[in-house]
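Examining the three-dimensional arrangement
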Amino acid sequence: MKKTDSNYSRRSFLKVSSLSGGGMMLGISWFARAKPVESLGELNIEPVWQEVTSFIKIASDNSIKIFSPNPEFGQNVMTSLPMLIAEELDVDWKQVEVEQGNYDNKAFPRQFTGGSQGVRTAWKPLRTVGAAARQMILTAASQAWNLPVSELTTANGMVTHAFSGKSESYGTFAAAAAKLPIPKDIVLKGNQSFRLIGTPQKNVVAPKIAQGKPLFGMDYREAGMLIAMTERPPAFGMRLKSFDATAAKKMPGIVDIFPIKVFNDDHKFAGFDTRSFNEVIAVVGKSTWDVMNARKKIKAVWEVALERKEMGVNNRETTVPSGLESTTKHYAQMLEMSKKPGVIERKDGDPEKAFAEAKHVIERTYTAPFLAHNIMEPTNTFAHYVGDKVRFVAPIQIPDWIMPSIVARLGIPKENISIELVRMGGGFGRRAYGHYMIEAALISKQANAPVKLIYSREDDVSAGIYRPSYQLTYRAAFDENKKLIAFHAKGGGVPESPLHANRFPAGAIDNYLAESFVIPSNITIGAFRAPRSNFNAAAEQSFLDEISEYMGKDPIAFRLELLQRAKDNPVGKTNDYDASRYMGVLELVRDKSGWGKPENAGKKRGVSAYFCHNSYAAQVIDLQVKGDQVTVDQVTTALDCGVVVNPEGAKNMAEGAAIDGIGNALFGQLTLTDGRTDQRNFDTYRMIRHNEAPKKIDVHFVKNEIDPTGLGEPPFPPIFAAVANALYKATGKRFYQQPFQPQLKS
Amino acid sequence: MIKKYSLRINKKVHQVEADEKMPLLWVLRDILGMEGTKYGCGVGSCGACTVHLNGDAVRSCQLPISALAGMEITTIEGLSAKGDHPVQKAWVDVDVAQCGYCQSGQIMSAAALLKNTPNPTEEDIENFMTGNICRCGTYTRIKKAIQQAATKS
Ligand code: FES
Ligand code: FES
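Focus on the packing of aromatic side chains
Per the counting criterion, the structure on display carries 28 aromatic pairs over all chains. Both rings, one in Phe272 of chain A and one in Tyr433 of chain A, keep their centres 4.8 Å apart while their planes meet at 25°; by these two values the pair is stacked. Of this pair, Phe272 of chain A sits in the loop between β14 (268-269) and β15 (279-285) while Tyr433 of chain A sits in the loop between β23 (417-421) and α11 (435-447); the two residues are 161 residues apart in sequence, bridging distant segments of the chain. Of the two residues examined, Phe272 of chain A and Tyr433 of chain A, each falls in the buried class. A centroid spacing of 5.8 Å and a plane angle of 80° characterise the contact between Phe504 of chain A and Tyr577 of chain A, whose relative ring orientation is edge-to-face. Here Tyr577 of chain A lies in the loop between α14 (555-568) and α15 (579-593) and Phe504 of chain A lies in the loop between β26 (484-494) and β27 (511-518), a separation of 73 residues in the sequence. The buried category is assigned to Phe504 of chain A, whose relative accessible area is 3%. In this structure an aromatic cluster arises from ring pairing among Tyr366, Tyr474, Phe487, Tyr512, Phe543 and Tyr736 of chain A. Above the plane of the ring of Phe667 of chain A lies Arg686 of chain A, whose end atom (NZ or CZ) is 3.8 Å from the centre. For the cation-ring pair, Arg135 of chain B lies above Phe428 of chain A, with the distance from its terminal atom to the ring centre recorded as 3.7 Å.

Considerations on the sheet that holds strand β25 (residues 469-478) of chain A
Residue and element names in this part refer to chain A. Pairing in this open sheet of five strands is mixed, and the strands run β19-β27-β26-β25-β20 from one edge to the other. Of all the strands in the sheet, just β19 (343-348) and β20 (360-368) have a single pairing partner and so form its edges. Adjacent strand axes in the sheet meet at a mean angle of 10°, parallel and antiparallel pairs treated alike. As paired strands, β20 and β25 are joined by nine bridges and run antiparallel to one another. Looking at β25, one finds that Thr365 is bridged to Thr473. Sheet strands in contact with helix α8 (residues 327-338) are β20, β25, β26 and β27, and its direction is about 30° off that of β25. Seen against the sheet, helix α13 (residues 533-551) touches β20, β25 and β26 and runs at an angle of roughly 25° to β25.

Observations regarding the interface of chain B and chain A
Quite often, the size of an interface is put as the accessible area lost when its parts meet. In this complex, chain B contributes 55 residues to the contact, which on the side of chain A involves 61 residues. A combined buried area of about 4,700 Å² lies between chain B and chain A, and 55% of that area is made up of carbon and sulfur atoms. Summed over the three residues of chain B that lose the most area to chain A, namely Gln98, Arg135 and Tyr139 of chain B, the buried surface amounts to 18% of that side. The tally of links between chain B and chain A comes to seven salt bridges. In this structure, Lys695 of chain A and Glu126 of chain B form a salt bridge, with 2.8 Å as the shortest nitrogen-oxygen distance. Counting the contacts that link chain B with chain A gives 29 residue pairs in polar contact (both at pLDDT 80 or more). Elements with a minimum of two residues in the side of chain B that touches chain A: α1 (24-31), α3 (86-93), α4 (103-116), α5 (122-129) and α6 (139-152) of chain B. In terms of residue count, the dominant contributor to the side of chain B that touches chain A is α6 of chain B (five residues). Across the side of chain B that touches chain A, the residue classes tally to 24 nonpolar, 17 polar and 14 charged.

Examining the side chain of Asp545 of chain A
Among the secondary structure elements, Asp545 of chain A is positioned in helix α13. The contacts of Asp545 of chain A, once residues within four sequence positions are left out, are Pro555, Arg559, Val607, Asn725 and Arg734 of chain A.

As for the pattern of salt bridges
Residue and element names in this part refer to chain A. Taken as a whole and assessed by the stated rule, the structure comprises 46 salt bridges over all chains. The partner of Asp459 in a salt bridge is Arg232, and the shortest N-O contact between them spans 3.1 Å. With Asp459 in helix α12 (residues 457-462) and Arg232 in the loop between β11 (226-231) and β12 (238-244), this pair connects stretches of sequence that are 227 residues apart. For Asp459, a relative accessible area of 5% corresponds to the buried category. Taking the relative accessible area as the measure of exposure, Arg232 reaches 9% and is therefore buried. Across the pair Glu357 and Lys353 runs a salt bridge, and its minimum N-O distance is 3.8 Å. Separated by four residues within a single helix, Glu357 and Lys353 lie in helix α9 (residues 351-357), roughly one turn from each other. One salt-bridge network, in which partners are shared between bridges, spans Glu87, Asp90, Arg134, Lys189 and Arg195.

Description of the domain arrangement of chain A
Residues and elements named next belong to chain A. One can read the domain layout of chain A as domain 1 (7-210), domain 2 (219-309 + 379-454) and domain 3 (469-743). Listed per partner, the contact involves 21 residues of domain 1 and 18 residues of domain 2. Its largest share of buried area at the contact with domain 2, domain 1 owes to Glu72, Phe73 and Tyr103, together 41% of the area lost on that side. Counting every contact that joins domain 1 to domain 2 gives zero salt bridges. For the interface between domain 1 and domain 2, the tally reads three residue pairs in polar contact (both at pLDDT 80 or more). Looking at the side of domain 1 that touches domain 2, its residues break down into eleven nonpolar, nine polar and one charged.

Remarks on the pairing of strand β18 (residues 317-320) of chain A
Residue and element names in this part refer to chain A. As paired elements, strand β17 (residues 308-312) and β18 share four bridges and run antiparallel to each other. Residue Arg308 lies in a different strand from β18, and its bridge partner there is Val320. Between the end of β17 and the start of β18, which pair antiparallel, lie four residues, with Asn315 showing a positive phi angle near 65°.

Quick word on a positive patch on the surface
Taken together, Lys202, Lys592, Lys651 and Lys703 of chain A together with Lys144 of chain B make up a surface patch of like positive charges. Tracing the backbone through its elements, the reader meets Lys202 of chain A in the loop between α4 (170-177) and α5 (206-210). Judged by relative accessible area, Lys202 of chain A falls into the partly exposed class, the value being 32%.

What about the pairing of β11 of chain A?
All names here are of chain A. Extensive coverage of β11 is indicated by the burial of six of its six residues. The side-chain alternation of β11 yields two buried faces, one formed by Leu226, Ala228 and Thr230 and the other by Ile227, Met229 and Glu231. Note: β11 against strand β24 (residues 451-454), three bridges, orientation parallel. Paired with Leu226 across the bridge in β24 is Val451. Where β11 lies against β15, five bridges are found, and the strand directions are antiparallel. Along β15, the bridge assignment pairs Met229 with Val283.

Digging into the domain arrangement of chain B
Residue and element names in this part refer to chain B. Under the domain assignment, chain B is made up of domain 1 (2-79) and domain 2 (86-152). Computed from C-alpha atoms alone, the centre-to-centre distance between domain 1 and domain 2 is 21 Å. Of the roughly 1,300 Å² buried where domain 1 meets domain 2, counting both sides, 57% is carbon and sulfur surface. When residues of domain 1 are sorted by the area they lose upon contact with domain 2, Lys38, Ile76 and Leu79 head the list and together hold 32% of the total. Our count for the domain 1 to domain 2 interface comes out at zero salt bridges. Counting across the interface, domain 1 meets domain 2 through six residue pairs in polar contact (both at pLDDT 80 or more). Only β3 (50-53), β4 (56-59) and α2 (76-79) provide two or more residues apiece to the side of domain 1 that touches domain 2. Split into classes, the residues belonging to the side of domain 1 that touches domain 2 amount to seven nonpolar, eight polar and three charged.

Describing the nonpolar core
Among the nonpolar cores identified, the biggest contains 247 residues, and Phe392, Ile419, Ile547, Tyr577, Ile621 and Val723 of chain A are the most heavily contacted of them. The biggest single contributor to this core is helix α3 (residues 118-145) of chain A, with twelve residues. The next biggest cluster of nonpolar side chains, apart from the first, holds 21 residues, and it includes Ile76, Ile107, Leu113 and Ile125 of chain B.

Concerning the confidence of the model for chain B
In the predicted model, chain B carries a mean pLDDT of 97, and 99% of its residues have values of at least 70. Note on the complex model: pTM 0.94, ipTM 0.98.

The rules we used
- Residues numbered from 1 in each chain as written.
- Chains lettered and ligands numbered in written order.
- Predicted model: local features only at pLDDT ≥ 70, side-chain atom pairs only at ≥ 80, totals over all residues.
- Heavy atoms only, no water.
- Phe/Tyr/Trp six-rings, centres within 6.5 Å; stacked < 30°, edge-to-face > 60°.
- Helix = DSSP H or I, 4+ residues; strand = E, 2+ residues; numbered from the N terminus.
- Buried < 20%, exposed > 50% of the residue type's maximum accessible area, 1.4 Å probe, protein only.
- Lys NZ or Arg CZ within 6 Å of the ring centre and 35° of its normal.
- Pairing = 2+ DSSP bridges.
- Axes fitted to C-alpha atoms, helices over the stretch in contact; angles between N-to-C directions.
- Contact = heavy atoms within 4.5 Å.
- Buried area = accessible area lost by both parts, 1.4 Å probe.
- Salt bridge = Lys/Arg side-chain N within 4 Å of Asp/Glu carboxyl O.
- Polar contact = N/O pair within 3.5 Å; in protein donor to acceptor, adjacent residues only side chain to side chain.
- Nonpolar A, V, L, I, M, F, W, Y, C, P; charged D, E, K, R; others polar.
- Domains from an automatic or database assignment.
- Patch = residues over 30% accessible without salt bridge, like charges linked within 9 Å, V, L, I, M, F, W, Y side chains within 5 Å.
- Areas by Shrake-Rupley, 256 points an atom, 1.4 Å probe, with all protein chains shown as cover.
- Lys, Arg positive; Asp, Glu negative; His and termini not counted.
- Charge placed at Lys NZ, Arg CZ, Asp CG, Glu CD.
- Core = buried A, V, L, I, M, F, W, Y, C linked by side-chain atoms within 4.5 Å.
- pLDDT = per-residue confidence, 0-100.

If you want it as structure tokens, here you go:
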């Protein structure tokens, strides 16, 4: 866990500078385009200006270091982002050493992990950084050799003059290059000239991971550091009334026990300030074991919280209801709401008339439970508060989003806060909510010591920021020829609706209606791998399967037919998808899986496709059911995420998404009884395990020249419905409620 | 009760003072500063804390320090000197890891499996590895890496 050379941050405004001992360092403030990045809507955040900065360091011995700006949680940006720079810089990838950049707004204006945006937003800016450095080295070489730039070429970190046979390393020219101005016209390679992009490269951190090196926040330690944990209400809807820590304080190794308030009462809540409980009891001690034992001796009195209002940064008031909520009640509430008119999100044609005149209507309702993130590395953060400064070592996806709240809560300027970014043992959206950093800082301040705040697994599961519980009711209307004439989606959830009203099949059906509803709740919810899409896809793609069967059509052919309509003659003006790319992944998965081929006739297979985060994914799954056991033989995934920077990492991600999705579809659920989560650890929260993973996963990418789009999330949502559709083939039963496995009879 | 213990870890003897019930996991992480062994659940359900006890894979979160006298403990730090155990090499070669947090435990389980079953079937691998959870979903690669390590060792 090395700290970035402080030179880097202090000189971040310098475009380029010399290194002592020769060499160059390059950091470009890059304003790619004064246009908001589209589709950040997936995470429901304000559009941001796209700015990316990165660093390259070339030493005189030709060793090359590239700083990876974005926080890493397993999406492998520490490999793929530096590859973008190395490609244009024209260096040998084996020469490159990668280091994580620390939080630094001036050096790295977009340190953001979420929404499958990493490679997409870095695609041109980071390549420009590499190309600029290469051009400067060429200029320096041309001046040193007194030869025109046009006669020089670069490859593998060497500058060559073919005619004279001269060849020198970048390191030779780095010091001179550092004195040159940044070139104005920076030329990027055409895709066909790529030597590194598109080649499979192994995770640069893999050797350290395989040796168990202390890469994670959980592993951070320093002299004098204490361990802290927090004790919180046993159920959602409760709060701290009073507590007695006399006995707990006498426990071995315990330093102090005190309450903290995460946010002040007048806090203006930004979108990612979610925290499950505002007032918690901090226990600080010498070791995790000491603290865990002392927690049990605290005598706390909890009480039911009253309804309260929370003010947002935009002055929008949210009401958090009082009460101890239960899953059975949530489902009953959602069912009731689905019978009442919802908020109309989209309407095409005259759906009411079409349904009234229909010869046949199919109506189905799909539900899904809350899901806990279950990041393998539980929530944690190191903080050391000294004077009016605080230093963090934090696993955090989007430091920029919690920073204003840290500033507001601690009352210290932003300049006094430093964050060392560490590798995250998973994120999936959970670490976009940085309340734990505030907690750690408050504890460090009160304890007057460096502190590592740790959540136990039970804390992490039972006080999470969950994927909401959702419901979607679909209705399809058919004429006497079994032609689909109208489509109606009504979706809602606790406490948000999953609907994406302008996505497929909107645009493909003349009469279309989408309605939403919400059920207020005090259960905390947030982003979870492909928010909303992860449920939409599950419900919609199951329903399409069922209606294609009624129409007597092949499920893939039926989807292609709808997409063809959306392509040729779309209904409505706003359709958030590209029908051709959608069709592309369906055709690819059909061909690669041998869909409809006689040799596959006996297989219990299901198909599904979805679009989210600017990318398209389709999956075919083959499975078998024996009693209540599901064996997955194979998953075939087709993906269109534009140019694939690192096919090795991309495949790994798509395989993981399939396994994660199958696990959540079959087993995943967080249920509540009177505000208390029924699952608290992995002995009760059912995760997919080795023997339940697919025996084989094939991943295929659509080859095209489209700039990279998202990858971390898109292959996750469709697999849920592929599982449901294959289960139908295997059992003759349709599955409408997640998780599916408990409905199988042993 | 705080007592003095002498532990044999990675072929070295360590003198430790700790509560008799303190699990080996926290002895390793908080007292000895050996943080390759990870905390995932503390209840024996995830395998992140897997170490070898006299050569067998065990969950260190379930082992009180008082039960370890005379035992030979191996952690990921002691699996090989330079990260070149066949299992570690296969892990890098197959590019198994995503976030990487579960992988110390996966590797320790895999190494123990291969020690006792040098040529495991797919089913052997699945059954033996079932106690190790990976939220990122790297199971198929783990299996491939174990098969690769088996043929190379
Ligand atoms: S931490 Fe020991 S099995 Fe999970
Ligand atoms: S690699 Fe992330 S939990 Fe296994």
